[in-house]
Amino acid sequence: MFALCRTSLLVVMFLSAALAEDTWVAVPLAELQITMGAWPTAPDGDAGDDWRHADELAERQPFATLPGSGEAYIVSTDADGEGDAAAPIRAWDAVRKATLVMRVPVGQPVAGRLFVPTGGWAGMVALGFTVPVPAATTDHAAARAAFERARSAQVRTLLATGAAGAAWFRHRDTEARLALGVATGADAAPRSGARDRDSELDDTFALFSGSRAVGENLQLDRILPPGIATGDAVAVADLTGITVAAMDWAPLLAGKKPQLDALAAHIPADQHALLFPSFAAMTAAIDEIDAHGTALGHALGARAEDALSRQRYQRQLCLEMSELARRFGPQVVASIAMTGSDPYLRAGSDVAVLFAATQPQLLRTFLAAKLAATGDADATVTQGHGTTGALAWTSATNPARSVCAYLTSIGDTVVVTNSPAQLERLAAVVAGTEPALASAPEYRFFRDRYALGEPETALLVATDAALRRWCGPRWRIADSRRTRAAALLAELQSAHIDALVAGAKATLPAPGPATAGLGELSWTPGGIRSSVYGTLAFMTPIAELDMARASKAEADAYQRFRDSYQRNWRAYFDPIAARCVRSEHGFGLDLSVLPLIAASDYQPFIEVVGKAAVAAGAGDPHQGAAMHWIMAIDKDSPRVQEIGTMASRMVPGLKIDLLGWLGQSLAVYADADPVWAELLQHQDDETRWVEKNFQRLPVAVHVEVANPLKLTLFLTAVHGFVEQSAPGLCVWENRTWHEHPYVRVGMSEQGRQQAGGDVANMGLCFAATPRALILTMDEALLQRALDRQDQTAKAPAGKAPPWPWLGTSMDQYVDQEGMTLLRGFSRGLQERAGVLRRQSWSNLPILNVWHRLFPGEDPVAVHERLWGVRLTCPAGGSYVWNALDLTMESTACGHPGAPKATGTAADFLSDIATANFGVTFADHGLRARVELERAAPAAGAVPGGTKP
């Protein structure tokens, strides 16, 4: 039904479009008149067939640009001479065989730019070209068909790769398909969402920060299949939601009486809550987000845009925090909480901000004045007042809900919310008909784990009841409907782009099949408004939607979702809490997820860790270790026993208990050394450099020993097995350092002759001590490790270990030199893979559209005005028009035809000196802790600044 409605709407809009002033031209590239530059020389061999460089080849597909309103696409030609709009050009000799198809104004000369790959696909070359003045004739049907096929293929590629402007490109794809007379519908164009493959940096951060656990447990991106509440509708209240049992918190809370947040007494227990212990803590959190949030998101593969959610909600609530801080701050506000009934802030959510005020009347008077001033400045804003339960409120609202603020008080607590539904929830807590967050046992458990007070910046809690709400039938079905309504609104806005940009009004479709479910449509400064679902800038919160009935299709889809979702838990459901700490020296995050899903990505680690734990002084933590990774190992766990059995089968001649000597941890660390700077100088060929120099890398493996005698037997057996299997190939040298014996295993003369190359000089050093087995190829590193063991043994009894690990299951520590190395590698890897460049360039196609359609406007501002999203360059550049190449480009990354060096790819790491990531598996769940220490301020830096 939804697909039929959308298609009907698009047919009407397409048939209303007129393109009589345009004509279509198809010209083989080889026949173009080149006016600037020269075709590159054909290569001896064709690197285009080497798909190990698929990303680079995708970036270097030939393309053309035209001045003014013209559009151009390049179509590859197959062996039979037919055009294939969807096929990329894979071989260099196919470039000149391709065809340029264009839509251009009638009677105007065509002079554009053509960008083609160099021989070997190493870069791009810009060519100027002209085409004779096209005339409006009746024999251009084939050229138009080729153009529409090419346009459809290009936009579908953009949609599949997650480029900005998805709504417009879906609209353009439908136009092209209607022109060709082929099928349109919900599945005609792929949805966006694809992104670059996760890098090692992404994986590390997701694993050690716990963000992967949150994504696994919430699964908020799972949208139900379409369905309209018509026909055999069922009552949503009769649908069964999540039935997984809640955790028994009583044993975990026995004897614990944590201090609770005062505002927790007013927040509904089934809503998420973001609690700030003070006004200063809230401003510190905002500063941290402003300083690092966007850059971190870009570095981890997020889309190159800013949804401006915080700014939008502040305007909506008439609540500018910076002004409140300047006028009052901690003198009037003791603590702050933010809450809501769902996490869909970007689309539209009912939110409330609660202030525990020391001078409530002063604060309320100030906020009431802000609401009144908004009405004076905006004629569309209406002032109101009323009561909801025991709460008396005043309001300022407009139809688009760009302003929507309700002001009330609960005792000394002042509340501002954007939703009548939120007023009802708060009133129910005041009346005692709904439980408060303060009564939720999981909140009390988290408040015991994360004690209230300094140095906490914020605590986020999502209770069991909140997660059940988000995963319940009302919320999931409503979110599904709202998502599809947003697609219809986006299609309508795409069809009325000219009017929206000009601030004019055009005729909108009356309620009917083409706009089923949207209700009355109207114009607002924020876009087209549905009387049911609101605008794309702020969609009606789910809590306010009428969800009494659902179709049988929706009910069945939810049941399938619920059954699949619930299989993720063995016994209990999963509340979540996260604590943030910010200071002038650094930033910390402590995340708890209880429990993890059954099929969690953490499961293999959990099975290896078992009942073991990393002790505070485990491994070899020391000053001078650039990076240090450690993991607990339970030698008696089934997974480790299985690994031991497999290893025994691989070496049947080794008659010894492989695991009997093993302690509770395994660590790997890399010491600071000039060799890392040398490696950074070889980023273009680092694999080859490592192959030649790996024996120089100062890396060690440190395995904790539980039974020194069994370790001795194990090493003796290994020695004998190697000599028996490869006699005469190795030399075992017994050496001594400060009375500590160790062994260096190198190649014998016979072994060097057989191995040859760089392997011939390889040597492995190991030392077996009562505490650890240490293995490394760097003999000096081993000697330093033995010295540290001496120092530890001689330290006074009871002296604290060097530094406690943050996690008892896994931990990764990186010092200042390690951060430099990480930044270097991140830059090299990301520049080579083109991550930042592709993110930046993903915004160029839609910006070129806005420049073509609205030449007198700033394309970035047009996009923000239409869709409420600001397109940003992740490399820190800005988007400008390149008048020579006839395309938008990034000042930092250039454009696909003329790339620029992207600079530092990991800018979010630039002021971080050390980083520590710890993970602990406990209570069937996970606790992940992150501590980032800032680098020392540069000379001349202003004290107290957000960024040193």
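Residues numbered from 1 in each chain as written. Predicted model: local features only at pLDDT ≥ 70, side-chain atom pairs only at ≥ 80, totals over all residues. Heavy atoms only, no water.

1. Considerations on the overall build of the protein chain
For the protein chain, the count of helices and strands is 28 helices and 38 strands. For the protein chain, the residues scored as buried account for 51% of the 948 residues in total. Total accessible area on the protein chain is roughly 41400 Å²; 56% of this is exposed by carbon and sulfur atoms. (Helix = DSSP H or I, 4+ residues; strand = E, 2+ residues; numbered from the N terminus. Buried < 20%, exposed > 50% of the residue type's maximum accessible area, 1.4 Å probe, protein only. Areas by Shrake-Rupley, 256 points an atom, 1.4 Å probe, with all protein chains shown as cover.)

2. Here we look at empty space enclosed by the protein
One pass over the structure, following the stated rule, counts 3 cavities of 30 Å³ or more. Taken as a whole, the largest cavity encloses approximately 50 Å³ of empty space. Taken together, Gln493, Leu500, Thr524, Pro525, Gly526, Gly527, Arg865 and Leu866 form the lining of the largest cavity. Grouping the constituent residues of the lining of the largest cavity by class yields 3 nonpolar, 4 polar and 1 charged. (1 Å grid on protein atoms, 1.4 Å probe; cavity = no way out; pocket = protein on both sides within 12 Å on 5 of 7 lines; lining within 4 Å. Points joined across faces, edges and corners; volume = space filled by probe spheres on them. Nonpolar A, V, L, I, M, F, W, Y, C, P; charged D, E, K, R; others polar.)

3. Focus on the sheet that holds strand 7 (residues 110-117)
In space, the 4 strands of this open sheet follow the order 2-8-7-3, with antiparallel pairing throughout. Among the strands making up the open sheet, the edge pair consists of strand 2 (33-36) and strand 3 (63-65). Taken pair by pair, the neighbouring strands of this sheet meet at an average axis angle of 40°, ignoring direction. Inspection of the sheet shows strand 7 paired to strand 8 (residues 124-131) by 8 bridges, in the antiparallel sense. What sits directly across from Arg113, in strand 8, is Gly128. (Pairing = 2+ DSSP bridges. Axes fitted to C-alpha atoms, helices over the stretch in contact; angles between N-to-C directions.)

4. Considering the packing of helix 3 (residues 141-160) against helix 4 (residues 166-180)
It is at 9 Å that the axes of helix 3 and helix 4 come closest, and there the two elements cross at 150°. In this view, helix 3 runs roughly antiparallel relative to helix 4, as classed from their interaxial angle. As helix 3 packs across helix 4, the resulting crossing turns out to be left-handed. Each of Arg144, Ala145, Glu148, Arg149, Arg151, Ser152, Val155, Arg156, Leu158 and Leu159 in helix 3 lies in contact with helix 4, whose residues at this interface are Ala166, Phe169, Arg170, Arg172, Asp173, Glu175, Ala176, Arg177, Ala179 and Leu180. Partitioned by chemical class, the residues of the contact of helix 3 with helix 4 number 9 nonpolar, 1 polar and 10 charged. (Parallel < 35°, antiparallel > 145°, perpendicular 65-115°, else oblique. Left-handed = near helix turned anticlockwise from the far one by under 90°. Contact = heavy atoms within 4.5 Å.)

5. Regarding the packing of helix 27 (residues 844-853) against helix 28 (residues 859-867)
Helix 28 packs onto helix 27 with a crossing angle of 100° between their chain directions and a minimal axis gap of 9 Å. Of the possible angle classes, the one that applies to helix 27 and helix 28 is roughly perpendicular. Contacts between helix 27 and helix 28 pair Ile846, Leu847, Trp850 and His851 from the former with Pro859, Val860, Val862, His863, Leu866 and Trp867 from the latter. Partitioned by chemical class, the residues of the contact of helix 27 with helix 28 number 8 nonpolar, 2 polar and no charged.

6. As for the pattern of salt bridges
For the coordinates displayed, the defined rule picks out 34 salt bridges. Note that Asp173 and Arg156 form a salt bridge whose closest N and O atoms lie 4.0 Å from each other. Of this pair, Asp173 sits in helix 4 while Arg156 sits in helix 3, and the two are 17 residues apart along the sequence. Of the residues examined, Arg156 reaches a relative accessible area of 27% and is grouped as partly exposed. One salt-bridge network, in which partners are shared between bridges, spans Asp22, Glu71, Arg103, Arg172, Glu175 and Arg852. (Salt bridge = Lys/Arg side-chain N within 4 Å of Asp/Glu carboxyl O.)

7. Brief notes about the side chain of Gln316
Here Gln316 shows up in helix 9 (residues 309-316). Only 3.0 Å separates the side chain of Gln316 from the side chain of Asn418, close enough to count as a polar contact. (Polar contact = N/O pair within 3.5 Å; in protein donor to acceptor, adjacent residues only side chain to side chain.)

8. As for the confidence of the model for the protein chain
The predicted model of the protein chain has a mean per-residue pLDDT of 81, with 80% of residues at 70 or higher. Below pLDDT 50 for its whole length, residues 185-216 participates in 90 contacts with residues either more than four positions away or in separate chains. Taken as a whole, residues 938-948 scores under 50 in pLDDT and shows 9 contacts with residues more than four places along the chain or in a different chain. (pLDDT = per-residue confidence, 0-100.)

9. Quick look at the packing of aromatic side chains
Both the distance between ring centres and the angle between the ring planes are used here to describe each pair of aromatic rings. Taken as a whole, this structure holds 13 aromatic pairs when the rule is applied. Seen in terms of ring centroids, Tyr73 and Phe147 are 5.4 Å apart; in terms of plane orientation they differ by 55°. Their pairing is tilted. Pair noted here: Tyr73 is in strand 4 (residues 71-77) and Phe147 is in helix 3, with a separation of 74 residues, a long-range link. In this structure, Arg96 is placed above the aromatic ring of Trp39, and the distance from its NZ or CZ to the ring centre is 4.6 Å. (Phe/Tyr/Trp six-rings, centres within 6.5 Å; stacked < 30°, edge-to-face > 60°. Lys NZ or Arg CZ within 6 Å of the ring centre and 35° of its normal.)

10. Describing unusual backbone geometry
Despite not being glycine, Leu308 shows a phi value in the positive range, around 60°. Relative to the elements of secondary structure, Leu308 occurs in the loop between strand 11 (305-306) and helix 9. The residue Cys318 is not glycine, and still its phi comes out positive at about 55°. Tracing the backbone shows Cys318 in the loop between helix 9 and helix 10 (321-327).

11. Here's the deal with the environment of Ser842
Looking at the secondary structure, you find Ser842 in the loop between helix 26 (835-841) and helix 27. We classify Ser842 as buried; its relative accessible area is 18%. A sequence separation of 29 residues divides Ser842 from Leu871, and the C-alpha atoms of the two residues are 9.8 Å apart. Excluding residues that lie within four positions of it along the chain, Ser842 makes contacts with Ala163 and Ala164.

12. Examining helix 11 (residues 360-377)
Relative to the 26 Å expected for 18 residues at 1.5 Å per residue, helix 11 spans 26 Å between its end C-alpha atoms, a close match to the ideal helical length. The complete set of buried residues in helix 11 reads Leu363, Phe366, Leu367, Leu371, Thr374 and Gly375. (Expected span 1.5 Å × (residues − 1).)

13. Considering the pairing of strand 28 (residues 740-747)
Most of strand 28 is tucked away: 6 of the 8 residues are buried. Summarising the sheet, strand 27 (residues 730-737) and strand 28 pair through 8 bridges and their orientation is antiparallel. The residue bridging Thr736 from the neighbouring strand is Pro741, located in strand 28. Taking the residues between adjacent antiparallel strands as the criterion, strand 27 and strand 28 are bridged by 2 residues, where His738 takes a positive phi near 50°. Bridge count for strand 28 against strand 29 (residues 763-768) is 4 bridges, and the pairing is antiparallel. Bridge assignment links Val743 to a residue of strand 29, and that residue is Phe766.

14. A word on the side chain of Asp350
Mapping Asp350 onto the fold places it in the loop between strand 12 (333-340) and strand 13 (351-357). It is Arg425 that comes nearest to the buried, bridge-free Asp350 among opposite-charge side chains, at 6.3 Å. Polar side-chain contacts of Asp350 include one of 2.6 Å to the side chain of Ser341. (Lys, Arg positive; Asp, Glu negative; His and termini not counted.)

15. Describing helix 4
Taking 1.5 Å of rise per residue, the 15 residues of helix 4 would be expected to cover 21 Å, and the 21 Å separating its terminal C-alpha atoms lies within 8% of that figure. By the criterion of burial, helix 4 is predominantly enclosed, with 12 of the 15 residues buried. Within helix 4, the full set of buried residues consists of Ala166, Ala167, Trp168, Phe169, Arg170, His171, Arg172, Asp173, Thr174, Glu175, Ala176 and Arg177. Positive phi shows up at Gly181, right after helix 4, with a value of about 75°.

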